[in-house]
Each structure stands twice: as structure tokens, then as C-alpha cells.
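Chains, contacts and geometry: an overview
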Amino acid sequence: MRASHRIAIANQKGGVGKTTTVVNLGAALAAAGHSVLVIDLDPQANATTALGLDPRGLEATVYEVLIQDVAVEDVIVSTGFRNLYCVPAKLDLAGAEVELVSMLARETRLREALKAVQDDYELLLVDCPPSLGLLTINALVAAEELLVPIQCEYFALEGLSTLMQNVDKIRRTVNPNLSVMGFVLTMYDARTNLSAQVAKDVREHFGEKVFRTVVPRSVRLSEAPSFGQPIERFAPMSRGAIAYRELAKEIVPVDEAGEEVDGDGG
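Residues numbered from 1 in each chain as written. Predicted model: local features only at pLDDT ≥ 70, side-chain atom pairs only at ≥ 80, totals over all residues. Heavy atoms only, no water.

Description of the packing of aromatic side chains
- Counted by the stated rule, this structure contains three aromatic pairs.
- Ring centres of phenylalanine 183 and phenylalanine 206 lie 3.8 Å apart, and the angle between their planes is 20°; this geometry places the pair in the stacked category. In this pair, phenylalanine 183 sits in strand 7 (residues 179-188) while phenylalanine 206 sits in helix 8 (residues 193-206), placing the two residues 23 residues apart along the sequence.
- Look at phenylalanine 183 and you get buried, because its relative accessible area is 3%.
- Of the residues examined, phenylalanine 206 reaches a relative accessible area of 18% and is grouped as buried. (Phe/Tyr/Trp six-rings, centres within 6.5 Å; stacked < 30°, edge-to-face > 60°. Helix = DSSP H or I, 4+ residues; strand = E, 2+ residues; numbered from the N terminus. Buried < 20%, exposed > 50% of the residue type's maximum accessible area, 1.4 Å probe, protein only.)

Focus on the sheet that holds strand 7
- Read across the open sheet, the eight strands follow the order 3-4-2-5-1-6-7-8; overall the sheet is mixed. In this open sheet, the two strands that pair with only one neighbour each are strand 3 (77-81) and strand 8 (210-216). Adjacent strand axes in the sheet meet at a mean angle of 25° when their direction is disregarded.
- Across five bridges, the pairing between strand 2 (residues 36-40) and strand 5 (residues 123-127) is parallel. Following the sheet pairing, aspartate 40 is matched in strand 5 by aspartate 127.
- Here helix 1 (residues 18-31) sits on the sheet in contact with strand 1 (5-9), strand 2, strand 4 (84-87), strand 5, strand 6 (145-151) and strand 7, set at roughly 165° to strand 5.
- Each of strand 1, strand 6, strand 7 and strand 8 touches helix 11 (residues 239-251); the most contacted strand, strand 8, lies at about 165° to it. (Pairing = 2+ DSSP bridges. Axes fitted to C-alpha atoms, helices over the stretch in contact; angles between N-to-C directions. Contact = heavy atoms within 4.5 Å.)

Side note on helix 11
- The end-to-end C-alpha separation of helix 11 is 19 Å, in line with the 18 Å expected for 13 residues at 1.5 Å each.
- Residues Gly240, Ala241, Ala243, Tyr244, Leu247, Ala248, Glu250 and Ile251 constitute the buried set of helix 11. (Expected span 1.5 Å × (residues − 1).)

Some details on the packing of helix 1 against helix 11
- Running from N to C, helix 1 and helix 11 cross one another at 75°; their axes reach a closest spacing of 8 Å. Classed by the angle they form, the pair helix 1 and helix 11 counts as roughly perpendicular. Contacts from Thr20, Thr21, Asn24, Leu25, Ala28 and Leu29 of helix 1 reach helix 11 at Tyr244, Arg245, Leu247, Ala248 and Ile251.
- Within the contact of helix 1 with helix 11, the residues separate by chemical class into seven nonpolar, three polar and one charged. (Parallel < 35°, antiparallel > 145°, perpendicular 65-115°, else oblique. Nonpolar A, V, L, I, M, F, W, Y, C, P; charged D, E, K, R; others polar.)

In C-alpha cells form, the structure reads like this:
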């Protein structure tokens, strides 16, 4: 596949599995031999901690990149997992939404910052906050494609029309290359009629844009972040780990990926 494949993972609803998908999809792709850079654009910094990093011990994060023009290559850290790297976040990123408002080219700051490193990685995955503010807009402007996690719960489709309207607006103005990669069903519980009905509704609504792989509701997936590990390492034979490996294959098919490449990560 070509270098600099930039994917924003977004949905303004909270608790749909955005960070879970970023971390575990990234780890699955890295385990398959692809160099992956995770950009944590959520002030909660959950992707950062789920990858085993302590935000309190970081001198510079994505906040300094966006607001103070610190070079992104000076902020990237190794996660300790082979081929998997991170532009971390911490709580001060919450202030960036306000500070960006008065800044020049406020919507394109992440895209410009990533230009220096984007060709060093095969995939860049951006974890967005649960809102449609300037941080998410920066992610959508920097990305080539949008991946939308949808939880198999009531009101699963709520708010998605607003997200799609924003995608159309960004495409018409600052990022004509942005496209919707697809929708991934998360937190699927095979024991309930609700999950089956939501999955059916989503597939009817979005058709072939919905990935075949469904991510199950999983205790292991919920536990892994507290140990600072992707599911690929925490419980590699669990249903959640298998699901994210299958999703990785859909995103980077074997015939497109070709021979796995060695990385120099930890």
C-alpha cells in the first residue's frame, strides 16, 4: 500500500469504541508488519494511556504541536510495541479548542504538522474526541479517510447525519480528498435481539460501507487499557483480538499489503 494512509476515527457520540478501535486496530496492523502512528487528539488521552504511556511524564504532546508549533517528530514516542508509535495527548489539550479559534489556519494545523513525518509510516490513525469541534475538524482535514465506529445500542445512528454533513462541508472547502472509508459495528452482543437489529439497520442504511467484521462486547477489551496494553498483547486469542485482526485485513487486504515488513519498534 502507499505511504501516508491517513485515517481519522470519529463519531461525536461518546462511548462508541473510538479509542478501543484506534488502539487495537493500530496494534493489529503493527503486528501484521505495518508501521503505524497513532495520533491522540482526545483531551482524555485514553489512547495514550491504553498504549502504556503516562501523560504526566511527557514533556511535549500534540497540544504543543498544534498550539506552539513544536515539530511533531519531537513529540512522537515509541509505545514499546513493534511498529507502533504515538503522538500522545494529555489533559491540557482541552484548552486547545478555545486557543485554536483565534489562530491562523486553525483547521489545517494538524495536517501541516504531519507533513514532516507522514511518509515515515504506512498508516496514521487519529483518535478524535466525542465532539465536532476544532480538534475533530483538524483530524478530518488531515485525513484521507474517515472510519466511524457505531455501537450496537439504542440510538446508534443518532448524530451521524451531522457528522456526514461536516464531512461534506470539509470536502467542499479544505479537504477535497476526504472520503468515508466505512462503518464498523462495535460492542456487538450476540445474545441480544437489539444488537442484531441495530446491525441490520446499519447495514441497510450504509450498505457496503459497513465492514463485515463485527467487534464483540468483550470483558477482555474493557480490561486491556487498564494494563496499558492493546488486546493484541493482553489477550491475543480473545474474540476481541481476533475481531481487530480481521478488521485490519479488511482495511489492508493481504494482496495489497504484500510481504510483511520488519519494523524497528520496541
